[in-house]
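# Structural characterization, general
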Amino acid sequence: MRPSLGAAFAAAGCVLVPAALFMVFVYVPTEASQGIVQRIFYFHVPCAWVAFLGFGLSAVAGAFYLFFAQQVWDDIGYAAAEVGMLFCTLVLITGSLWAKPIWGTWWTWDSRLTTTFILWLLYAGYLLLRAMGEENEQVARLAAVVAIVAVLDIPLIVISVRLWRTIHPAVLVTRSGEHGLEDPRMLQTLAVSMLAISALSAWLFWLRLKTLRAKSRLFELRRMLATAQAIGDGAP
Amino acid sequence: MLTGFCALLHKDLTLERRGGRVVIELCVLSLLVLVVLVVAYGPETGGRPESAAGALWVALILSGLPGASLAVAAEHENDCLTGLRLSPLEPATIYAAKVAAVALSMAVSQAATLLLLVLFFNLQFDLNLLRLIPILLLGTLGLCALSTLLGTITSRLRAGEMLLALLTAPLYVPELIAGVKASAAVLSGASLAAVVLPLKILAACDLLFVVCGYLLFEYLAG
Amino acid sequence: MTTALVEALSLSVMFGLRPVLTEVNLKLERGRAAVITGANGAGKSTLVHALCGLIGLSAGQARMFGQDIRRLRADDRRRVGVTLHRSMLYLNLTARENLEFYAKLNACQKPSEQAARWLERLGLGAVAEQRARDLSRGMEQRLALARAMIGEPELVLFDEPFASLDRQGAAVVGELIQELLARGGAALLTSHEPLTVKGAEPENYQLVSGRLLPAAAQPSRRTAWRWMLT
Ligand SMILES: Nc1ncnc2c1ncn2[C@@H]1O[C@H](COP(=O)(O)OP(=O)(O)OP(=O)(O)O)[C@@H](O)[C@H]1O
Ligand SMILES: [Mg+2]
């Protein structure tokens with residue numbers, strides 16, 4: 001593991017996050033129909049992107065772990081799921097904050113909200129499994145299986161939740177249609193905060209992964225030590 | 001492979017016939033769920049086909065989870081699963097047979113649930129009910145495929161039952177939604193077109209869970 | 001060159017941070033028997049589990065018929081018979097049904113005849129229709145041995161085969177192993193006391209704090225009585 005990559009993520013985050021804050025709060029013009037609350041959208045969307053990315057990475061790492069049985073894939077999967085969970089929670093929170101003034105309610109069973117919530121629930125289960133299950137290979141493999149099945153299940157969740165919504169009577173909200181990003185500065189801001197949140201999450205992921213790797217390595221060393229002692233004891 | 005599958009299935013059915021508790025337990029659970037829901041809904045809402053469809057699926061999922069746990073736990077008793085792992089069977093065959101056995105037990109309890117549902121929710125005994133059968137079978141297969149796969153490990157953990165429910169429920173959401181939709185459409189006598197998309201979702205989920213289970217079970221049984 | 005039927009190559013097993021087996025080397029060829037003795041908790045059962053691929057190794061390799069145990073083909077798994085501490089029998093099936101079930105799994109041609117033959121062989125004829133749950137401890141052990149033998153294996157791994165067997169039962173098992181060795185099979189037995197195999201010179205090993213060593217002394221007459229009786 002090269003520490004330079006982590007440092008690069010950290011440096012990028014240190015530059016990009018203030019830049020994104022500046023652009024969101026100062027640079028970008030206020031959107032006409034939604035007013036000031038629309039600015040949260042520049043955090044909301046990148047968080048969602050990172051959340052999905054984290055879950056995807058966790059599933060890929062899970063598949064690799066099952067196939068190659070190397071501890072590093074398990075650590076990657078765990079770290080990715082944790083970061084994904086963090087940003088998924090942020091998506092729900094920022095979504096709620098936005099929904100209150102715009103839709104008049106903190107929470108509605110809108111199809112996208114519901115999908116995100118189910119996703120959150122999936123990974124809550126995943127992390128609880130890792131926290132409550134004993135730290136053994138079987139639990140790690142089950143977690144990998146859950147991550148894989150979950151990611152493959154996501155398209156079906158999206159389709160079914162849409163089906164669920166369309167037949168129910170619509171909740172009385174003023175759904176403002178597509179977010180029209182007519183001003184080019186809006187797109188620029190979105191791009192920068194996309195990069196900022198990506199760098200931030202990559203750095204968090206990196207830190208978490210390093211911790212997990214250190215833990216695995218420590219365990220490995222302790223095992224080697226115990227083995228060496230056993231061999232030493234056995235020798236005349 | 002087929003002989004192994006048949007032998008396993010035959011063994012599970014023999015065990016079930018001989019004082020097995022899965023079917024009985026599932027029937028009792030379904031009965032309880034239906035009674036509770038009828039009382040909770042009250043006479044007005046309870047009469048709607050949507051309520052009946054919802055009750056049916058609540059009964060299905062609440063009885064399916066413990067059902068799969070019981071079936072998997074039976075294999076851990078006396079280390080029988082180790083015996084199967086030592087045998088020439090492929091893990092995938094063990095998985096397929098286990099899913100089939102659980103699904104059969106659940107299908108029996110589903111039949112009982114359907115009967116009670118008609119009585120409790122004042123539905124008509126007519127051909128419409130027959131249309132529910134494929135929907136229920138698809139839902140049952142998906143639930144069994146999923147909970148047997150995950151239950152193999154969770155049944156050995158301390159908080160296994162809770163974890164199994166927590167992991168299975170969100171994954172099962174698509175089938176739950178599609179199943180309730182389709183059942184409600186059938187019970188309210190809607191046209192066949194309303195059932196097509198839900199059936200597709202059910203089938204797609206079943207395919208996903210069965211294929212995943214078939215391919216991934218070997219990593220969990222080991 | 002003959003390939004070993006079962007082989008351990010610097011096999012090590014750890015449970016958590018505890019080394020239970022360290023660098024065990026073992027090789028068992030056709031017609032040979034090995035007896036592994038060790039105190040309670042020495043790791044005999046763990047060794048059998050590891051050789052069968054039931055637990056993960058922390059280092060080394062376990063091989064059967066020249067292949068890595070994790071990649072053993074189904075056809076080759078049929079050639080192995082194993083008994084462990086637990087009998088792996090379905091408690092609510094009768095003795096006969098259990099044997100028929102495992103015969104079918106091993107793709108025997110005539111499962112019911114095969115089951116009847118093994119019930120007879122191990123003296124279980126009288127309890128054939130009893131549920132495994134109701135069998136006595138020794139009867140259960142006999143049934144577990146029948147279960148392991150029903151696929152006509154070439155290689156058997158028996159973890160404490162004589163536990164709770166009476167003299168007659170021990171004699172039958174002795175015969176079985178003798179026949180197996182005579183037709184070119186191999187047997188690995190564990191025990192907490194030394195054994196001799198009649199008609200064969202077993203390789204004697206001792207498990208001491210996780211290491212497999214050649215057994216120090218020949219088994220004394222007193223503890224070898226079981227096998228002498230046959
Ligand atoms: N699944 C496990 N998890 C943790 N430790 C284990 C596990 N299985 C066995 N052990 C430990 O490994 C050691 C060896 O156990 P094993 O069962 O192999 O001993 P044994 O030689 O077969 O003893 P016995 O003569 O009593 O059968 C014991 O100290 C035991 O506590
Ligand atoms: Mg033992």
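Residues numbered from 1 in each chain as written. Chains lettered and ligands numbered in written order. Predicted model: local features only at pLDDT ≥ 70, side-chain atom pairs only at ≥ 80, totals over all residues. Heavy atoms only, no water.

Residue and element names in this part refer to chain C. Looking at the metal site, the magnesium ion (ligand 2) is ligated by Ser45 (OG) and His85 (NE2), spaced 1.9 to 2.2 Å from it. Here His85 lies in the loop between β6 (80-83) and α3 (95-105) and Ser45 lies in helix α1 (residues 44-51), a separation of 40 residues in the sequence. By relative accessible area, Ser45 is classed as buried at 17%. (Donors = N, O, S within 2.8 Å, 3.2 Å for Na, K, Ca; no water. Helix = DSSP H or I, 4+ residues; strand = E, 2+ residues; numbered from the N terminus. Buried < 20%, exposed > 50% of the residue type's maximum accessible area, 1.4 Å probe, protein only.)

This part covers the sheet that holds strand β1 (residues 6-15) of chain C. Residues and elements named next belong to chain C. Spatially, the 4 strands line up as an open sheet ordered β2-β1-β4-β5, and their pairing is antiparallel. If you trace the sheet from one side to the other, it starts and ends with β2 (18-28) and β5 (67-68), each paired once. With 7 bridges joining them, β1 and β2 adopt antiparallel strand pairing. Within the sheet, the bridge partner assigned to Glu7 lies in β2 and is Lys27. Sitting on the sheet, α1 touches β1, β2 and β4 (59-64), and the angle it makes with β1 is about 120 degrees. (Pairing = 2+ DSSP bridges. Contact = heavy atoms within 4.5 Å. Axes fitted to C-alpha atoms, helices over the stretch in contact; angles between N-to-C directions.)

To continue, consider the site of ligand 1. Residues and elements named next belong to chain C. Around ligand 1, a shell composed of 13 residues is seen, among which Arg18, Gly41, Lys44, Ser45 and Thr46 lie nearest. Within the side chain of Arg18, an N or O atom sits 2.8 Å from an oxygen atom of ligand 1. Contact distances for ligand 1 include 2.9 Å between an oxygen atom and a side-chain N or O atom of Asn40. When isolated, ligand 1 has an accessible area of 640 Å², and the protein chains bury 62% of it. Mapped onto the shell around ligand 1, the elements with two or more residues apiece are β2 and α1. Of all the elements, α1 adds the most residues to the shell around ligand 1, at 3 residues. The class makeup of the residues in the shell around ligand 1 is 4 nonpolar, 6 polar and 3 charged. (Near = heavy atom within 4 Å. Polar contact = N/O pair within 3.5 Å; in protein donor to acceptor, adjacent residues only side chain to side chain. Areas by Shrake-Rupley, 256 points an atom, 1.4 Å probe, with all protein chains shown as cover. Nonpolar A, V, L, I, M, F, W, Y, C, P; charged D, E, K, R; others polar.)

Our focus in this paragraph is the interface of chain C and chain A. Taken together, the contact between chain C and chain A spans 8 residues of the former and 8 residues of the latter. Summed over both partners, the interface of chain C with chain A buries about 790 Å², with 70% contributed by carbon and sulfur atoms. Considering only the surface of chain C that becomes buried against chain A, C:Met14, C:Leu17 and C:Arg211 emerge as the three largest contributors, covering 58% of it. Our count for the chain C to chain A interface comes out at 0 salt bridges. Counting every contact that joins chain C to chain A gives 0 residue pairs in polar contact (both at pLDDT 80 or more). No other element matches β2(C), which puts 3 residues into the side of chain C that touches chain A. Tallied by class, residues from the side of chain C that touches chain A come to 3 nonpolar, 3 polar and 2 charged. (Buried area = accessible area lost by both parts, 1.4 Å probe. Salt bridge = Lys/Arg side-chain N within 4 Å of Asp/Glu carboxyl O.)

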